[in-house]
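Understanding the architecture of this molecule
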Amino acid sequence: MKADQLLKNYAAGVRDFTGINLSEANLREANLSGIILDKAILDGANLSHANLAQASLIEADLNGANLSNADLSGSNLSGAILDGAILDEAILDGANLSQADLTVAKLIDTNLSEADLQEASLIAANLDGANLSGADLTVADLSQANLTQADLNQTNLSGANLDGANIEGTILDENV
């Protein structure tokens with residue numbers, strides 16, 4: 001299915017696109033709130049500025065996808081593959097990213113407040129200026145990650161791997 005067909009079907013009320021292949025699709029600025037894209041292939045897709053609030057992207061392949069400035073608040077991305085994805089300035093507050101692969105992902109100035117990142121892989125991810133306040137990073141792998149100027153107030157880092165992470169200027173509290 002092509003991006004334009006997906007948008008037509010979505011406009012007609014269809015929400016479940018489980019397993020769809022939208023590799024390299026251009027869905028920039030699309031309104032897809034509440035869409036179901038579980039196990040979908042969206043590698044290299046352009047979803048910048050898209051509205052994906054409350055979307056389900058469980059185990060979706062978003063390798064190298066552009067999600068900059070996208071609204072993914074309250075979305076479920078558990079087990080999603082976001083290796084090398086661009087999520088700069090995206091809104092992921094309250095999102096479920098448990099067991100997601102965010103290796104070398106760009107999350108500069110991204111809002112991840114109250115997000116569930118339990119057991120997520122954030123190896124060498126760039127979280128410069130990210131808001132992780134109240135996020136759950138239990139057993140997350142943040143080795144070699146850039147957390148410069150990140151807000152980690154009220155963040156749960158129990159069992160998290162911070163080996164080699166840059167935490168210069170990071171905002172922490174005593175409840176970490």
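These lines cover the structure that appears in this document, whether it is placed above or below.

Thresholds applied
All residue numbers refer to positions counted from 1 along the written sequence of the respective chain. Owing to the predicted nature of the model, reporting of local features is limited to residues with pLDDT of at least 70; listing and counting of side-chain atom pairs is limited to 80 or more, with chain, interface and lining totals taken over all residues. The side-chain figures draw on all heavy atoms in the structure; neither hydrogens nor water molecules are used. Each helix is a run of DSSP H or I of at least 4 residues and each strand a run of E of at least 2, with the numbering of both proceeding from the N terminus. Under the scheme applied here, a residue whose accessible area is under 20% of the maximum for its type counts as buried, over 50% as exposed, and between as partly exposed, the area being computed with a 1.4 Å probe on protein chains only. For this analysis, residues touch if any pair of their heavy atoms sits within 4.5 Å. In protein, a polar contact requires one atom able to donate a hydrogen and another able to accept it; more generally it is a pair of N or O atoms within 3.5 Å, and residues adjacent in sequence count only if both atoms are side-chain atoms.

**Considering unusual backbone geometry**
Backbone geometry at His49 places phi at a positive 65 degrees, although glycine is not the residue there. Tracing the chain through its elements places His49 in the segment after helix 1 (3-11). Backbone geometry places Glu119, a non-glycine residue, at a positive phi of 60 degrees. Mapped onto the elements of the fold, Glu119 is located in the segment after helix 1.

**Observations concerning the environment of Asn156**
Mapped onto the secondary structure, Asn156 falls in the segment after helix 1. On the basis of relative accessible area, Asn156 is assigned to the partly exposed category, the value being 29%. For the pair Asn156 and Ala140, spaced 16 residues apart in the sequence, the C-alpha separation amounts to 10.0 Å. Non-local contacts of Asn156, meaning those with residues more than four positions away in its chain, are made with Ala135, Asp136, Leu137 and Thr138. Within polar-contact distance, the side chain of Asn156 engages the side chain of Thr138 at 3.3 Å.

**So, the side chain of Ser48**
Relative to the helices and strands, Ser48 is located in the segment after helix 1. Side-chain polar atoms of Ser48 contact the side chain of Asn46, separated by 2.7 Å. The contact partners of Ser48, leaving out residues within four places of it in the chain, are Arg28, Glu29, Asn66, Leu67 and Ser68.

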